[in-house]
Amino acid sequence: MSSPVPESGTGVKKHVPFVPETMEMKEFTLRAVLLGLLMTIVLGAANAYLGLRAGITIAATYPAAVIAMAAMRAWKGSLLEENIARTAGSIGESVAAGAIFTLPAFLLARAWPTFFSVGAYLKSTALIMVGSILGVLFISLVRRGMVEDPELPFPESLAASEIHKAGQRGAQAAKYLFWNIGIGGVVYILGKFGLFAADTDLHIGVGTLGRTQVRLGTAGSTHIVPTGGTTMFAAPSVSPAYLGVGYIIGVRLASIQFAGSVLAWGLLVPLMIFFLGPQLRAYIPADTPDNWATMADAVWRYIVRPIAVGGMLVGAAYTLFKMRASLSAGIGKAFADLRQTADQQAKLARTERYMSSKAVFSLIAVMFVLMCLLYIKISGLVWPAILAAVVMILVGFFFATVSGNLVGFIGSSNNPISGLTLSTLLIAALLMVALGVSGTSGVAAVLGVAAVVCVSSAVAGELLQDFKVGYILGGTPQKIQAAELIAVVVASLVMYFPLMLLHEGNIKAGGVGFGGAELPAPQAGLMATLAMGIVGHDMPWPLVVVGILFGIALIMMQVKSPMLVAVGMYLPFGTTFAIFVGGVFRSLGDWVANRRGFNSAQKARVENAGVLVASGLIAGEALLGLVWAGLQFVPSWGAPNHPPQIFSDPSYLVGGMIVLVGLAALMIFVPVSAAGDPNEPAPPTAMM
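Residues numbered from 1 in each chain as written. Predicted model: local features only at pLDDT ≥ 70, side-chain atom pairs only at ≥ 80, totals over all residues. Heavy atoms only, no water.

1. A word on the overall build of the protein chain
Moving on, step 1. For the protein chain, the count of helices and strands is 22 helices and 6 strands.
Moving on, step 2. The burial tally for the protein chain puts 58% of its 688 residues in the buried class.
Moving on, step 3. Looking at the protein chain alone, contacts between residues at least 24 apart form 85% of all its contacts between residues at least 6 apart. (Helix = DSSP H or I, 4+ residues; strand = E, 2+ residues; numbered from the N terminus. Buried < 20%, exposed > 50% of the residue type's maximum accessible area, 1.4 Å probe, protein only. Contact = heavy atoms within 4.5 Å.)

Written as structure tokens, this is what we have:
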């Protein structure tokens, strides 16, 4: 961490960066930028895969710092080159988060007829690029006060800066990351080739059709309701990515999310199947467990999920309410920073110079004009589209500042971007209704506002985190801004392709794409449901109100994160079960470390190695998942006997469990083996 020392004669503490402001050092070089762009594409695509499947993205700051450090040490690069590479490399995750939370919603809300077209690419890219550039510009206006605020701890920024300082550990840290990228990819692809079954369903009877009943009255009453049916549970998916997510977020948060799935599949779905069974039987052509499983899935999708939407609404509102003090403080500092004069900026040292306010405001004006044209194109409306652009500028700046402030307190991993976007969507939707706009055009305009705000908020938070790392290390803010602008443009140009590959590839493989079991995209589903419900007048309000009351009950019970519970209800059971199992693996690793009597320094090394192992498994499955989706476009791939299967009927109980046990051993004992000498000083922790 940087050292504050007294200024002579004043007693005021002055920030001293790790690289002095007077020192000349290579920083904004071609190799650093190219490495950063490669990382932003790879890590962004990996997070797009993870977010669509698990509804969670993982901050890329730590893996990007490790990769940049290892590469630049091999190339004999400088510390500030490492920082530029990490800065450009980590922003792809934020662009991906904004994209996956909103772009699939256009298809789910039927505002776009298809996702596989030149028009969809151009509109997607324009929305992401405008939002990304605005995120960089918005946070550039308020960066100084927030970066220099001693009350903002910036946990992930401090960890990343310490990683760069401790450069001698680069090769060792990279080993844990890269080896497990390979392992995660191999495990995923072997499951696809039929070595083992990655998923299985357990069919369970809830009563018996024709025999079970519920009497609505005292003994002898003729008010009898016939009941009975068959529901199902899914075993935990044998997925390196899901297990890695659970390991990183820990068993406590994983348990909260899994509790939502248990409520959905252990209470609501069986209860409805039990009472609706005799009526549902008429829709089942053959009374078999498989057909009942299809009906149970329909009950979950069209009855339970709207309840989850109501819970997510309350969860998002509650999250923002809990942060009201930090939100108001961040906005106050933003407006105070805007009053800084040009003369004051001219006197700044190299490490404090950033893009001039004049340039920033000019670019914001250009982006506003482009937004107006974009919203007119998307919605087919003129004045409502221009008004939507005005709302986006005002709300976007507000939430970009909020996002930066939240990152300063809790890090980008925990930044509630979906909650901020949801608030924006509600504002835009109510505005469209007030203007009398309805139908597909209104839905498209609302989703367009939400998409830009979502991306800009995510990018703003990540950039402020990068500014803080540069502040500590002694980087030049102008060069950090330049690297970020280049990176967000490149990420925007390519981010459509992983989404399109996953969606279309899943359809070609027999799925339904966005919103299906393989790609549930919970946040995008929520956005689509709300946009259609408010503007398109197509929402099952009674079920949503039930979910709202359920969310309020969770708050009254002091549940740590009602939002996570609701997301757990929205995601497939096998997904949240696997994430929970990953959290259990981390707890087992902590238990082993305690049994072996590790001190705090050793436990910190175990934690860092574990996060890198988990990050590698996530990236490995994500990258091979994209490759697999791309293979679905090969004409012969989906033909009979393609792809070739190792076993025609792969086993979950044998093959899947063996792989799961192997991954458990890897995730528990490899990090434990990295404990090192108890006399070595403690490293910075991953802070994920």
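2. So, unusual backbone geometry
Moving on, step 1. One non-glycine residue, Ala521, lies in the positive phi region at around 45°.
Moving on, step 2. Assignment of secondary structure puts Ala521 in the loop between α16 (496–508) and α17 (522–534).
Moving on, step 3. Residue classification places Ala521 among the buried residues on the basis of a relative accessible area of 1%.
Moving on, step 4. Its identity is not glycine, yet Gln558 carries a phi of approximately 60°, on the positive side.
Moving on, step 5. Structurally, Gln558 is set in the loop between α18 (541–556) and α19 (562–570).
Moving on, step 6. By relative accessible area, Gln558 is classed as exposed at 70%.

3. Regarding the side chain of Thr87
Moving on, step 1. Residue placement: Thr87 occurs in helix α3 (residues 79–108).
Moving on, step 2. Reaching out from Thr87, the side chain makes a polar contact with the side chain of Arg86 at a distance of 3.2 Å.
Moving on, step 3. Among all residues touching Thr87, those that are not within four sequence positions of it are Asp466, Ile480 and Glu484. (Polar contact = N/O pair within 3.5 Å; in protein donor to acceptor, adjacent residues only side chain to side chain.)

4. Some remarks on helix α20 (residues 573–595)
Moving on, step 1. When the terminal C-alpha atoms of α20 are compared, their 33 Å separation across 23 residues agrees well with the 33 Å that a helix rising 1.5 Å per residue should span.
Moving on, step 2. Where α20 ends, the next residue or the one after it, Gly597, has phi of about 70°, a positive value. (Expected span 1.5 Å × (residues − 1).)

5. A few points about the environment of Ala385
Moving on, step 1. Its place among the elements puts Ala385 in helix α12 (residues 383–410).
Moving on, step 2. Sequence separation of Ala385 and Val446 is 61 residues, and the distance between their C-alpha atoms is 9.2 Å.

6. Things to note about the side chain of His503
Moving on, step 1. With respect to the helices and strands, His503 occurs in helix α16.
Moving on, step 2. With residues up to four places along the chain from it excluded, the contact list for His503 reads Leu107, Phe115, Val512, Gly513, Phe514 and Leu519.

7. Description of the packing of α20 against helix α22 (residues 652–673)
Describing two packed helices takes the angle between their axes plus the distance from one axis to the other.
Moving on, step 1. In the contact formed by α20 and α22, the axes pass within 9 Å of each other and the chain directions differ by 40°. With respect to each other, α20 and α22 are oriented oblique. Regarding α20 and α22, the two cross each other, and that crossing is right-handed. Facing α20, whose interface residues are Phe585, Leu588, Gly589 and Val592, α22 presents Leu660, Ala664, Met667, Ile668, Phe669 and Val672.
Moving on, step 2. The residue inventory of the contact of α20 with α22, partitioned by class, reads 9 nonpolar, 1 polar and no charged. (Axes fitted to C-alpha atoms, helices over the stretch in contact; angles between N-to-C directions. Parallel < 35°, antiparallel > 145°, perpendicular 65-115°, else oblique. Left-handed = near helix turned anticlockwise from the far one by under 90°. Nonpolar A, V, L, I, M, F, W, Y, C, P; charged D, E, K, R; others polar.)

8. Some points on the packing of α18 against α19
Moving on, step 1. Where α18 contacts α19, the two axes come as close as 9 Å, and the packing angle between them is 135°. One way to sum up the angle between α18 and α19 is to call them oblique. Handedness of the crossing formed by α18 with α19: right-handed. Contacts from Phe550, Leu554 and Ile555 of α18 reach α19 at Pro562, Val565 and Met569.
Moving on, step 2. The class makeup of the residues in the contact of α18 with α19 is 6 nonpolar, no polar and no charged.

9. Considering the nonpolar core
Side chains of nonpolar character tend, in soluble globular proteins, to be buried together.
Moving on, step 1. One finds Leu127, Leu134 and Tyr375 to be the most contacted residues of the largest nonpolar core, which totals 209 residues.
Moving on, step 2. It is helix α14 (residues 439–473) that provides the largest number of residues to this core, a total of 19 residues.
Moving on, step 3. Ignoring any residue separated from it by four or fewer positions in sequence, one finds Tyr375 in contact with Leu127, Gly380, Ala385, Ala388, Ala389, Met392, Gly448, Val449 and Val452.
Moving on, step 4. By size, the runner-up hydrophobic cluster in this structure holds 6 residues, among which are Leu79, Leu80, Ala160 and Val469. (Core = buried A, V, L, I, M, F, W, Y, C linked by side-chain atoms within 4.5 Å.)

10. Describing the environment of Met569
Moving on, step 1. For Met569, the location among the structural elements is in helix α19.
Moving on, step 2. Considering only alpha carbons, one finds Met569 and Ala264, 305 residues apart in sequence, at a separation of 5.3 Å.
Moving on, step 3. Not counting residues within four places of it along the chain, the set of residues in contact with Met569 comprises Gly260, Ser261, Ala264, Leu268, Trp300, Val304, Ile307, Ala308 and Phe550.

11. Points about the packing of aromatic side chains
Moving on, step 1. Scanning the model with the defined rule gives 16 aromatic pairs in all.
Moving on, step 2. The interplanar angle of 80° and the centroid separation of 5.2 Å between the aromatic rings of Phe115 and Phe514 together place this pair among those described as edge-to-face. Of the two residues, Phe115 sits in the loop between α3 and α4 (118–147) while Phe514 sits in the loop between α16 and α17, which places them 399 residues apart along the sequence. Residue Phe115 shares its accessibility class with Phe514, and that shared class is buried.
Moving on, step 3. Through a chain of ring-to-ring contacts, three or more aromatic side chains come together here, namely Phe106, Trp112, Phe115, Tyr121, Tyr496, Phe497 and Phe514.
Moving on, step 4. Sitting over the face of the ring of Tyr176, Lys175 holds its NZ or CZ atom 5.0 Å from the ring centroid. (Phe/Tyr/Trp six-rings, centres within 6.5 Å; stacked < 30°, edge-to-face > 60°. Lys NZ or Arg CZ within 6 Å of the ring centre and 35° of its normal.)

12. Concerning the environment of Leu374
Moving on, step 1. One can find Leu374 in helix α11 (residues 357–379).
Moving on, step 2. Separated by 11 residues in the primary sequence, Leu374 and Ala385 have C-alpha atoms spaced 8.5 Å apart.
Moving on, step 3. Leaving out residues up to four positions away in the same chain, Leu374 has contacts with Ala126 and Leu127.

13. Let's talk about the pattern of salt bridges
Moving on, step 1. Summed over the entire model, instances satisfying the criterion amount to 8 salt bridges.
Moving on, step 2. Across the salt bridge formed by Arg31 and Glu81, the nearest N and O atoms sit 2.9 Å from each other. In this pair, Arg31 sits in helix α1 (residues 30–54) while Glu81 sits in helix α3, placing the two residues 50 residues apart along the sequence.
Moving on, step 3. As a salt-bridge pair, Arg73 and Glu82 come within 2.2 Å of each other at their nearest N and O atoms.
Moving on, step 4. Residue Arg73 is classed as partly exposed on the basis of its relative accessible area of 36%. (Salt bridge = Lys/Arg side-chain N within 4 Å of Asp/Glu carboxyl O.)

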